[in-house]
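# Observations on the model geometry
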Amino acid sequence: MELKHETSKKSTRFYLLDDEKEIGEIAYAHVNDGSIDIHHTEIDPNYRGQNLGQQLIDAIADYARENNLKATASCPYVAKVFGKTTQYDDIKV
């Protein structure tokens, strides 16, 4: 499994590949110079239950930390995860 990061005018996201097949993604948008909004997470139904959503959240959290960004979560899944743990308090708005 491979984690990729895509930043273009069309898309800003992290995504997972199993060989060449895309199996999950977490998408975000820059709100301003200091914050991002995580607005979408999706895992291929055949790959659910493998903690892949958590891996994507961890990847975007690491990205936020490395770039001194704060994050909001309009994605319901990410908002739920953010609310269940203090692990991401340093990046949450």
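Here the structure is a predicted model, which means the values were calculated and not measured. (Residues numbered from 1 in each chain as written. Predicted model: local features only at pLDDT ≥ 70, side-chain atom pairs only at ≥ 80, totals over all residues. Heavy atoms only, no water.)

### Looking at the packing of aromatic side chains
Our working rule: Pairing of aromatic side chains requires ring centres within 6.5 Å, counting the rings of Phe and Tyr and the six-membered ring of Trp. Pairs whose planes differ by under 30 degrees are stacked, by over 60 edge-to-face, and all others tilted. A run of DSSP states H or I qualifies as a helix once it reaches four residues; a run of E qualifies as a strand once it reaches two. Both are numbered from the N-terminal end. Only protein chains enter the accessibility calculation, which uses a 1.4 Å probe; a residue is then buried when its area is under 20% of its type maximum, exposed when over 50%, and partly exposed in between.
Scanning the entire structure with this criterion turns up four aromatic pairs. An angle of 70 degrees between the planes, with centres 5.8 Å apart, marks the rings of Phe 14 and Tyr 63 as edge-to-face. Note that Phe 14 is positioned in strand β2 (residues 12-18) and Tyr 63 in helix α1 (residues 52-66), a separation of 49 residues in sequence. Both residues of the pair, Phe 14 and Tyr 63, belong to the buried class.

### Considerations on the sheet that holds strand β3 (residues 21-32)
Here is the rule we go by: Between any two strands, at least two bridges found by DSSP are needed for them to pair. Each axis is a line fitted through C-alpha atoms, and for a helix only the stretch in contact is used; angles between axes span 0 to 180 degrees, taken between their N-to-C directions. Contacts: residue pairs with any heavy atoms within 4.5 Å of one another.
One open sheet accounts for five strands, arranged β1-β2-β3-β4-β5; its pairing is mixed. Taken across any chain shown, the strands that pair with only one partner, and hence form the sheet edges, are β1 (2-7) and β5 (70-73). Between one strand axis and the next, the sheet turns by 25 degrees as a mean value, whatever way the strands run. Here α1 sits on the sheet in contact with β1, β2, β3 and β4 (35-43), set at roughly 35 degrees to β3.

### With respect to the nonpolar core
Cut-off, in case you're wondering: What is meant by a nonpolar core is a set of buried Ala, Val, Leu, Ile, Met, Phe, Trp, Tyr and Cys residues, joined one to another through side-chain atoms within 4.5 Å.
If you look at the biggest cluster of nonpolar residues, it comprises 25 residues, and the most contacted ones within it are Phe 14, Ile 26 and Ile 38. Residue assignment for this core shows that the elements contributing at least two residues are β2, β3, β4, α1 and α2 (76-84). Counting residues per element, this core draws most heavily on α1, which supplies eight residues. Ile 38 has contacts with Ile 26, Ala 27, Tyr 28, Ile 60, Ala 71, Thr 72, Ala 73, Ser 74, Cys 75, Val 78 and Phe 82, leaving out every residue within four places of it along the chain.

### A short note on the pattern of salt bridges
The condition is simple: Any Lys or Arg side-chain nitrogen located within 4 Å of an Asp or Glu carboxyl oxygen qualifies as a salt bridge.
Applying the stated criterion across every chain, the model contains eight salt bridges. Of the charged contacts in the structure, one is a salt bridge between Glu 25 and Arg 13, with a shortest N-O distance of 2.8 Å. Separated by twelve residues along the polypeptide, Glu 25 in strand β3 and Arg 13 in strand β2 bring together distant segments of the chain. Residue Arg 13 is classed as buried on the basis of its relative accessible area, which comes to 12%. Across the pair Asp 90 and Arg 65 runs a salt bridge, and its minimum N-O distance is 2.7 Å. You can see Asp 90 sitting in the segment after α2 and its partner Arg 65 sitting in helix α1, a full 25 residues away along the chain.

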